[in-house]
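What the coordinates show
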Amino acid sequence: MRILTASDRALLVEAADLDEAMRLNLAWRGLPGIIERVPGARTVLVCFDPLRTSAAALAELLSAAEPQDEHMPPAGEVTIPVQYDGDDLAETASLLGVSTDELVSRHLAADWRVAFSGFAPGFGYIVGDDPLFDVPRRSSPRTRVPAGAVALAGAFTGVYPRESPGGWQLIGRTDAVMWDLDREPPAPLVPGVVVRFERSERPVLPVPAAPAAPAVSVRGEKPSPRTSVEVIRTSMQLLVQDAGRPGRASLGVSASGVADRTAMRDANRAVGNDRDAAVLESVGGAALRFHGAGVGVVTGAVGDLTVTNHAGEVRDIVHGSPFATADGDELELGYPTQGLRCVIGIRGGVRAASVLGSRSSDTLSGLGPPPLAAGDVVGVGAAPRRAVDPTVVTRELPAPGDLVELSITLGPRDEWFTASALHTLTTQEWLVTSRADRVGVRLQGEVPLARAVEGELPSEGAVSGAIQVPGDGQPVLFLPDHPLTGGYPIIGALTDSCLDLAAQLPPGARVRFCVG
């Protein structure tokens, strides 16, 4: 058993095989200081609270624990109808040295079982008994894989629960629904389930999008007489966010949550809320109308801020300073000149439907309130007893073209890269491209990161801030809505203190990594 650094708050433990990884994961239940355990094909990612334990102390506890004798119990059987017409079917058959007919027939005949969950809610890593299925991932992942896609990677088959990025080889599609919060359990593919694939006897229709939790009101509904906020004009992305859903990896659910935690806490402090009260997170300019009197604040990214009252009078708003609102006031957020994401805090906190204990909108899984659009109205909670705090906190956030230094820890897969690649990682400037969202940021460097180890890495857990390197050598920096697991090697990870700054990187900024 090897214990590797995955970040300054996580360890990655290597096991001999999948079975041992599962038994180690069971053995570590209840160990002090552990926040989350994410099993992989031959690893377990262990995330810990640095206020309760240290990496060294936790490593000792993990090493001392004996793997459980118990094995994963059977958990029922699921049949999945598949139409074998995936975009990569012919290429995958060629990679495996068989015809497409043989690939399909052996996929149908193999015995399959869900080994573990990850990547996204409802995604099960399904392992089979046919040695044919050892399939390399794509050298560069697709930005969009449709819901219901049936795919291969390594020794696993998977079914994408919803549209998402992905680097697996697509061999078919199904209209079986892999995640539904109104069903018990929400995911049919839980560890231990036996899976039977069968050829679909009817055309496979696109998987319908799972219904998202509503914002507080239906679009176009008349605003409540109590304080509420109406969206007049949305930004590139306007979301409800809070502290997220930590501790739910067993469901394939990542923590998600607000991208810039500092901005959320500054906003809630300014208006007197609890530090993790729900806020609005905006990328780009937006306009909001307040119904009822209240107090608001804008933190995070910096841009022009104005409030226009019902008489048409305009006043400038100080970034980071709480401001009073009257019924009918309209807040206008200009496009940021520094940073990327604005946080709008409202006294009383944003009221929205809670899903799995959080109001956070997870853009990868689709959990939580959907992105807000013009006409949506969100409610506001009761005013807290705590007073507003007019203290303005100043932060230096990057503009396009600025160079930002980010502290990282190396690992867990730095040994997969050449010495020159490790040198390049920390000396070369990396451009923040426009291919960025809450899942991750594509970086571009003049010299790609060369591998020392070729071949496929079995899927394993990943943390927020992980620097994952696909086959093209251009890194992807994971943000809060990243997949729980992945199969491209992770060369390093941001330290926790740099995560909020990373969330504010605008396209065109440049990054230099330094080992902290």
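Calculation criteria
Residues numbered from 1 in each chain as written. Predicted model: local features only at pLDDT ≥ 70, side-chain atom pairs only at ≥ 80, totals over all residues. Heavy atoms only, no water. Disulfide = S-S within 2.5 Å. Helix = DSSP H or I, 4+ residues; strand = E, 2+ residues; numbered from the N terminus. Buried < 20%, exposed > 50% of the residue type's maximum accessible area, 1.4 Å probe, protein only. Arc of directions from axis to C-beta. Contact = heavy atoms within 4.5 Å. Pairing = 2+ DSSP bridges. Axes fitted to C-alpha atoms, helices over the stretch in contact; angles between N-to-C directions. Salt bridge = Lys/Arg side-chain N within 4 Å of Asp/Glu carboxyl O. pLDDT = per-residue confidence, 0-100. Core = buried A, V, L, I, M, F, W, Y, C linked by side-chain atoms within 4.5 Å.

Some words on the state of the cysteines
- Under the defined criterion, the tally for this structure stands at zero disulfides.
- Cys-514 provides the cysteine sulfur closest to Cys-498, a residue in no disulfide bond, and the two sulfurs are 7.0 Å apart.

Some points on unusual backbone geometry
- The residue after Glu-184, namely Pro-185, is reached through a cis peptide bond having omega -5 degrees.
- As for its placement among the helices and strands, Pro-185 is situated in the loop between β12 (169–173) and β13 (194–199).
- If you check the backbone angles, Leu-356 has positive phi at about 50 degrees while not being a glycine.
- The exposure class assigned to Leu-356 is partly exposed, which follows from its relative accessible area of 23%.

Some remarks on helix α6 (residues 419–427)
- Every buried residue of α6 is listed here: Ala-421, Thr-424 and Leu-425. Buried residues of α6 fall within an arc of 105 degrees about the axis and therefore sit on the same side. Exposed and oriented more than 90 degrees from the buried face of α6 are Ala-419 and His-423.
- For α6, the secondary structure elements touched by its buried residues are β26 (403–410), β27 (430–436), β33 (490–494) and β34 (510–515).

Some details on the sheet that holds strand β10 (residues 156–159)
- The mixed open sheet is built from seven strands, whose spatial order is β5-β13-β6-β7-β10-β9-β12. Since the sheet does not close on itself, it has two edges, and those belong to β5 (77–82) and β12, each with one partner. Pairwise comparison of adjacent strand axes, ignoring direction, gives a mean angle of 35 degrees for this sheet.
- Bridge count for strand β7 (residues 124–128) against β10 is two bridges, and the pairing is antiparallel. Bridged to Ile-126 within β10 is Thr-157.
- Running at roughly 125 degrees to β12, helix α3 (residues 89–96) makes contact with β9 (149–153) and β12 of the sheet.

Overview of the sheet that holds strand β14 (residues 228–233)
- One open sheet accounts for seven strands, arranged β20-β19-β22-β17-β14-β25-β24; its pairing is antiparallel. The strands lining the two open edges of the sheet, one partner per strand, are β20 (314–316) and β24 (350–351).
- Across four bridges, strand β17 (residues 286–291) lies against strand β22 (residues 330–333) in antiparallel orientation. Residue pairing in the sheet places Arg-289 in a bridge with Glu-330 of β22.

Observations regarding the pattern of salt bridges
- Taken as a whole and assessed by the stated rule, the structure comprises 28 salt bridges.
- For the salt bridge of Arg-142 with Asp-88, the shortest nitrogen-to-oxygen distance reads 2.9 Å. Placement of Arg-142 in strand β8 (residues 142–145) and of Asp-88 in the loop between β5 and α3 is noted, with a sequence separation of 54 residues between them. The exposure classification of Arg-142 matches that of Asp-88, with both residues buried.

Here's the deal with the confidence of the model for the protein
- Considering every residue of the protein, the mean pLDDT works out to 92; 95% of them sit at 70 or more.
- Below pLDDT 50 for its whole length, residues 218–225 participates in 11 contacts with residues either more than four positions away or in separate chains.

Re the nonpolar core
- Counting residues in hydrophobic clusters, the biggest one holds 34 residues, and the most contacted among them are Trp-28, Val-46, Leu-62, Phe-116, Phe-156, Tyr-160 and Trp-168.
- Elements that contribute at least two residues to this core include exactly β2 (10–14), α1 (18–27), β4 (43–48), α2 (55–64), β6 (112–117), β7 and β9.
- Residue contributions to this core peak at five residues, all from α1.
- In contact with Leu-62, other than residues within four places in its own chain, are Met-1, Ile-3, Leu-11, Val-13, Trp-28, Leu-31, Ile-34 and Val-46.

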